[in-house]
Amino acid sequence: ATMLGYAGYRYSLAYARERPQGRPVGPGGKDPTQPQVPIIQHADIRRMLLAQKAYTEGALALNLYCARLVDEHAHAPGESARAEASLLLEMLTPISKSWPSEWCLEANNLAIQVLGGYGYTRDFPVEQYWRDNRLNMIHEGTHGIQALDLLGRKVVMRDGAGLKLVGRRIAATIQAAMHAAHPDARRFAAQLQAATQQVERVTRALWAKGDADAALAHATPYMQAFGHLALAWVWLELSVAAARLDQPQDETFVQGIRAACRYFFAYEVARIPAWLAPAESGDRTVQDLKESWL
């Protein structure tokens with residue numbers, strides 16, 4: 001899923017740099033005597049490209065982190081380190097399956113949009129990437145099964161030990177960001193802390209009465225919120241790590257990471273409260289729905 005999303009991103013990025021269409025809007029409007037500009041100069045195109053970057057590179061970082069946990073589980077020195085890696089990997093597995101399959105598909109959708117009418121023709125590969133990627137929300141046991149695994153098993157196993165471990169790892173990244181020189185990092189750390197507290201609060205509320213049917217009715221939006229929390233953590237971690245790169249040749253790379261991180265916190269983290277709101281309020285729309293009403 002990540003690979004297909006990333007391929008679409010890179011293709012639409014190259015296309016946007018080469019495809020001329022439209023003219024800049026100046027104080028007096030557009031000047032028809034001026035040559036057309038590459039579409040990457042239009043703000044909405046850059047928005048879609050930046051979203052693709054945030055989704056696909058974030059998914060890749062998550063996947064690589066999980067791969068590192070596989071190695072730590074097998075080879076870390078010390079039993080406790082191996083056990084901790086195993087527990088964290090268990091917590092992140094449903095996210096690493098579900099989040100890239102949903103949001104890298106959205107990246108493919110945006111790649112088609114960047115190409116406009118050409119995007120849905122076989123002259124260009126982005127429509128094929130989308131069709132191939134649509135499978136990934138299905139063949140991993142379906143998206144909803146990952147949600148049931150996360151909310152129904154992973155966050156409550158061992159009296160919530162996995163959820164607490166995720167919270168500690170996120171807290172460590174928040175602490176590092178609060179001491180970073182870049183002011184954005186401190187602001188994002190505060191946002192991440194608030195989102196983490198909300199996810200933890202909603203998790204407790206869903207299981208407070210021990211009613212599995214009522215809790216699991218909210219499994220998929222809960223997983224979407226948890227997934228975005230995990231990716232916000234990933235992007236803040238990447239931003240903190242990038243701040244340590246101070247060589248001139250790294251400048252473009254670092255600015256790209258900062259831009260994707262800013263996008264994720266400005267546009268994506270705001271989704272978390274919306275996904276959690278029905279669960280937090282105890283909404284029963286789904287439970288009370290009768291089949292005959294559909």
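The structure contained in this document is the topic of the report that follows.

About the cut-offs
Residue numbers restart at each chain and count upward from 1, following the sequence in its written direction. The predicted nature of this model means local features are confined to residues of pLDDT at least 70 and side-chain atom pairs, given and counted, to a pLDDT of 80 or more, with totals for whole chains, interfaces and linings taken over all residues. Excluded from the side-chain calculations are hydrogens and water; all other atoms, namely the structure's heavy atoms, are used. Think of it this way: any DSSP run of H or I at least four residues long counts as a helix, any run of E at least two long counts as a strand, and we number them from the N terminus. In this treatment the radius of gyration is a C-alpha quantity, and the globule benchmark scales as 2.2 Å times the residue count to the 0.38 power. Residue burial considers only the protein chains on display, and all accessible areas are found by Shrake-Rupley using a 1.4 Å probe. In this tally, Asp and Glu contribute negative charge and Lys and Arg positive charge; neither His nor the terminal groups of the chain are included. By convention, the charge on Lys lies at NZ, on Arg at CZ, on Asp at CG and on Glu at CD. Any residue under 20% of the maximum accessible area for its type is buried, any over 50% is exposed, and the rest in between are partly exposed; the area is computed with a 1.4 Å probe on protein chains only. Whenever two N or O atoms come within 3.5 Å, that pair is a polar contact, provided that in protein one can donate a hydrogen and the other can accept it, and provided that, for residues adjacent in sequence, both atoms are side-chain atoms. Pairs of residues are marked as contacts when any of their non-hydrogen atoms sit within 4.5 Å. The salt bridge criterion pairs a side-chain nitrogen of Lys or Arg with a carboxyl oxygen of Asp or Glu, the two atoms within 4 Å.

**Considerations on the overall build of the protein chain**
Within the protein chain, the regular secondary structure consists of 11 helices and two strands. Starting at the N terminus and walking to the C terminus, you meet the elements of the protein chain as α-β-β-α-α-α-α-α-α-α-α-α-α. Taking 294 residues into account, the globule formula puts the C-alpha radius of gyration at 19 Å, and the protein chain, at 21 Å, falls close to it. Taken along its principal axes, the extent of the C-alpha atoms in the protein chain is 70 × 60 × 35 Å. Just so you have it, the protein chain exposes about 15200 Å², and 55% of that area is on carbon and sulfur atoms. Of the side-chain charges in the protein chain, 31 are positive and 30 negative, and the distance between the mean point of each set is 3 Å.

**A short note on the side chain of Gln 224**
Here Gln 224 is to be found in helix α9 (residues 219-242). On the basis of relative accessibility, which here comes to 15%, the residue Gln 224 falls in the buried class. Only 3.4 Å separates the side chain of Gln 224 from the side chain of Trp 275, close enough to count as a polar contact. Beyond its immediate sequence surroundings of up to four residues, Gln 224 is in contact with Glu 102 and Trp 275.

**Some thoughts on the pattern of salt bridges**
A full pass over the atoms with the stated rule returns 13 salt bridges. Between Asp 184 and Arg 262 there is a salt bridge; the shortest N-O distance is 4.0 Å. Residue Asp 184 is located in helix α7 (residues 183-207), and its partner Arg 262 is located in helix α10 (residues 251-268); the two are separated by 78 residues in the primary sequence. Overall, Asp 184 belongs to the buried group, its relative accessible area being 16%. Linked by salt bridges that have partners in common, Asp 149, Arg 153 and Lys 154 make up one network.

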